[in-house]
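Analysis of the macromolecular model
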Amino acid sequence: MERLRNYIDGVLVAPLGGAYIDNYNPATGNVYSQIPDSDERDVELAYEAAARAFPAWSRTAKEERSALLMRIADLIDAHHEMLSRAESTDNGKPIQLARTVDIPRAAANFRFYATGILHLSSEANSMEETAINYTLNEPAGVAGCISPWNLPLYLFTWKIAPALAAGCTVVAKPSEITPMTAFLLSELCIAAGLPKGVLNIVHGYGHRVGAAITAHPSIPVISFTGGTKTGAGIARIAAPLFKKLSLELGGKNPNIIFADCDFEQMLKMTMHSSFSNQGEICLCGSRIFIERPLYEKFKQAFVEKAKQLKAGDPADDKTRLGAIVSKQHKEKILSYIALAKDEGGTVLCGGNQVQLNGECAGGWFIEPTVIEGLVFDCRTNQEEIFGPVVTLTPFDTEEEVLGYANSTQYGLAGIIWTTNLNRAHRVAQRLQSGIIWVNCWLLRDLRTPFGGMKQSGMGREGGFEALRFFMEAKNVCIKLS
Ligand code: NAD
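Residues numbered from 1 in each chain as written. Predicted model: local features only at pLDDT ≥ 70, side-chain atom pairs only at ≥ 80, totals over all residues. Heavy atoms only, no water.

**Here we look at the overall build of the protein**
Counting its regular elements, the protein contains 15 helices and 25 strands. For 481 residues, the compact-globule formula gives about 23 Å, and the C-alpha radius of gyration of the protein, at 23 Å, lands near that figure. Out of the 481 residues belonging to the protein, those deemed buried represent 58%. Taking the intrachain contacts of the protein between residues at least 6 apart in sequence as the baseline, contacts between residues at least 24 apart amount to 75%. Summed over its atoms, the accessible surface of the protein is roughly 19,000 Å², and 53% of this surface lies on carbon and sulfur atoms. When the 47 positive and 51 negative side-chain charges of the protein are each reduced to one mean point, those points stand 1 Å apart. (Helix = DSSP H or I, 4+ residues; strand = E, 2+ residues; numbered from the N terminus. Rg over C-alpha atoms; globule rule 2.2 N^0.38 Å. Buried < 20%, exposed > 50% of the residue type's maximum accessible area, 1.4 Å probe, protein only. Contact = heavy atoms within 4.5 Å. Areas by Shrake-Rupley, 256 points an atom, 1.4 Å probe, with all protein chains shown as cover. Lys, Arg positive; Asp, Glu negative; His and termini not counted. Charge placed at Lys NZ, Arg CZ, Asp CG, Glu CD.)

Rendered as structure tokens:
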């Protein structure tokens, strides 16, 4: 059975403790590889390699750093099919999604920051005849990057690319549930000629490897994407150490549908925003609010479409709903469906685990599930489920739906469907979300700020903000004589 290795100081190495964690294929329920069960000793080795590499990398000309990152992007493209298959096997996502979203986006992340760093400028502020100020942006040091399992390579590279472009060296930890493409990336970095120690990837559990990165006294910057509870724990450790923190956390996003929307376009996109990646995207719209005159028509059409969406083998080109990432997560989703029933909800379709045949007989699949009849402030409508489960709630006024939409502890993304431009602006302004899509979903321009309000996070990724996050701004004030 394949054993993955850590990528430390430019080479692939076994964990010092010699222990491994089983890595499952969610579509079959079988262990298909093993990953290092690393500990703080491996993190220390990775840190030391990153610290040794920092002086040279941070002083390497931007153009040279850029060229190296472009080379990594080219290698991702050159291995597009291999990486797509690996991502689909590791995560359970349909191969079609990995091919069209995850892997192209990983290459795009590297290209975006490889070119972005060439365009980052700094400010000068003149105090007329008195003085001139200018700002130096200097790489912050060794950066810690910790990422989740839902969009494995896509979110891993979303952190690593700006950190490396900014001149930081990196100790990174992918999710132990989906380690494969991060491992394959380490092979591509070696092939690209990335200098040793610039990027180090340590595999293992969050409470061991992630915690050691977070608590490391000489790692001044932590970029984390994952659950809100984990993020809160990281903040508790990082705050007294005065680390710079970027936290991209959970969501419970509203999808607000007004009766004047373009119905067909909305319906098609709402299927995607509800069930893409089995609903395991932090930006999915899991609470669907429908203006009352449209409620019955929407409900009928949406449930009809949801019933047609069948879970299938993720490796099949035609599959649009794959496997749930882990057995434990599958149980969590099913427990929320049971809770929804307890809370008085009516399951309009789905609600059950799916039993496939053949190779996927032991896999973890759940039907697309649509629930109505719940009050806006019940647990089902307040807590993140992160699966193919959505609730439907009618509303009569803008004021009412804004109250529902803003009622959760989260504030990551919001979706608005209307052809009334004034209303779109008005509602967008009052929605407590860091990212708002009007008449679309998941349309991404990498220059825009990405992140959440309230308990969905702290700080923003994307654009120059991500580069500046990995840098320290230093003002130099020169008095004019
Ligand atoms: P998670 O919080 O369980 O794990 C995320 C990462 O943190 C993993 O690599 C994990 O090993 C590590 N980790 C766990 N405990 C840790 C600790 N004590 N110290 C340091 N690191 C630790 O999240 P998950 O289940 O992998 O991902 C799903 C969650 O991520 C959902 O809540 C989802 O909304 C969120 N998410 C948010 C965004 C966003 O951009 N806001 C994007 C994707 C996913």
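**Quick look at the pattern of salt bridges**
Two side chains carrying opposite charge are able to pair once their charged atoms lie near each other. Counted by the stated rule, this structure contains 21 salt bridges. Residue R111 is joined to D74 by a salt bridge in which the shortest nitrogen-to-oxygen separation is 2.7 Å. Note that R111 is positioned in helix 4 (residues 95-119) and D74 in helix 2 (residues 62-78), a separation of 37 residues in sequence. Notably, a salt bridge pairs E383 with R379, separated by 2.7 Å at the nearest N-O pair. By relative accessible area, which is 23% here, E383 ends up partly exposed. Here the residues in one salt-bridge network are E81, R85, R99 and D317, joined through shared partners. (Salt bridge = Lys/Arg side-chain N within 4 Å of Asp/Glu carboxyl O.)

**What to know about the nonpolar core**
Counting 104 residues, the largest nonpolar core has I76, L199, L283, F298 and F302 as its most contacted members. Of the residues forming this core, the biggest block, 11 residues, is contributed by helix 5 (residues 152-166). Taken domain by domain, the makeup of this core includes at least three residues from each of domain 1 (2-249 + 456-479) and domain 2 (254-445). If near-sequence neighbours (up to four positions away) are discounted, I76 is found in contact with L83, I103, A106, A107, F110, L185 and L188. In terms of nonpolar packing, the next biggest core, distinct from the first, is built from 21 residues, I8, V142, V202 and V209 among them. (Core = buried A, V, L, I, M, F, W, Y, C linked by side-chain atoms within 4.5 Å. Domains from an automatic or database assignment.)

**Section: the sheet that holds strand 7 (residues 131-139)**
With antiparallel pairing, 3 strands are arranged side by side in an open sheet as 6-7-25. The strands lining the two open edges of the sheet, one partner per strand, are strand 6 (124-127) and strand 25 (471-479). Between one strand and the next, the sheet's axes are offset by a mean angle of 20°, whatever the strand orientation. With 9 bridges connecting them, strand 7 and strand 25 associate as antiparallel partners. In the strand pairing of strand 25, T135 is matched with N475. (Pairing = 2+ DSSP bridges. Axes fitted to C-alpha atoms, helices over the stretch in contact; angles between N-to-C directions.)

**What about the packing of helix 9 (residues 263-275) against helix 10 (residues 292-308)?**
Between helix 9 and helix 10, the shortest axis-to-axis distance is 11 Å and the interhelical angle comes to 55°. With respect to their mutual orientation, helix 9 and helix 10 come out oblique. The two elements helix 9 and helix 10 cross, and the hand of that crossing is right-handed. Facing F263, M266, L267, T270, M271, S274 and F275 of helix 9, the residues of helix 10 in contact are L294, K297, F298, A301, F302, K305 and A306. In terms of residue class, the contact of helix 9 with helix 10 is made up of 10 nonpolar, 2 polar and 2 charged. (Parallel < 35°, antiparallel > 145°, perpendicular 65-115°, else oblique. Left-handed = near helix turned anticlockwise from the far one by under 90°. Nonpolar A, V, L, I, M, F, W, Y, C, P; charged D, E, K, R; others polar.)

**Examining the site of the ligand**
Neighbouring residues of the ligand: 30 residues in total, closest S147, W149, E176, T230 and E384. E176 places a polar side-chain atom, nitrogen or oxygen, 2.6 Å from an oxygen atom of the ligand. G226 is positioned such that a nitrogen or oxygen atom in its backbone is 3.3 Å from an oxygen atom of the ligand. The fraction of the free accessible surface of the ligand (850 Å²) that becomes covered by protein chains is 85%. A molecule is said to occupy a pocket when more than half its atoms come within 2 Å of that pocket's grid points, and by this definition the ligand occupies the largest pocket. Per-element accounting of the shell around the ligand gives the leading share, 5 residues, to helix 7 (residues 206-215). For the shell around the ligand, the two domains that each supply at least three residues are domain 1 (2-249 + 456-479) and domain 2 (254-445). (Near = heavy atom within 4 Å. Polar contact = N/O pair within 3.5 Å; in protein donor to acceptor, adjacent residues only side chain to side chain. 1 Å grid on protein atoms, 1.4 Å probe; cavity = no way out; pocket = protein on both sides within 12 Å on 5 of 7 lines; lining within 4 Å. Sits in = over half its atoms within 2 Å of the grid points.)

**A closer look at the layout of surface pockets**
There is about 1,400 Å³ of room inside the largest pocket. Along its surface, the largest pocket is lined by 46 residues, and W149, E176, I177, G227 and T230 are the ones closest to its centre. Sorting the residues of the lining of the largest pocket by element identifies strand 4 (20-25), helix 7, strand 11 (221-225), helix 8 (228-238) and helix 11 (327-342) as the ones contributing at least two each. The element that contributes the greatest number of residues to the lining of the largest pocket is helix 8, accounting for 6 residues. Looking at the lining of the largest pocket residue by residue, the class counts come to 18 nonpolar, 19 polar and 9 charged. Counting only domains with at least three residues in the lining of the largest pocket, you end up with domain 1 (2-249 + 456-479) and domain 2 (254-445). Size it by volume and the second largest pocket reaches roughly 570 Å³. For the lining of the second largest pocket, the secondary-structure elements that each account for two or more residues are helix 4, helix 9 and helix 10. Top contributing element to the lining of the second largest pocket by residue count: helix 9, with 5 residues. (Points joined across faces, edges and corners; volume = space filled by probe spheres on them.)

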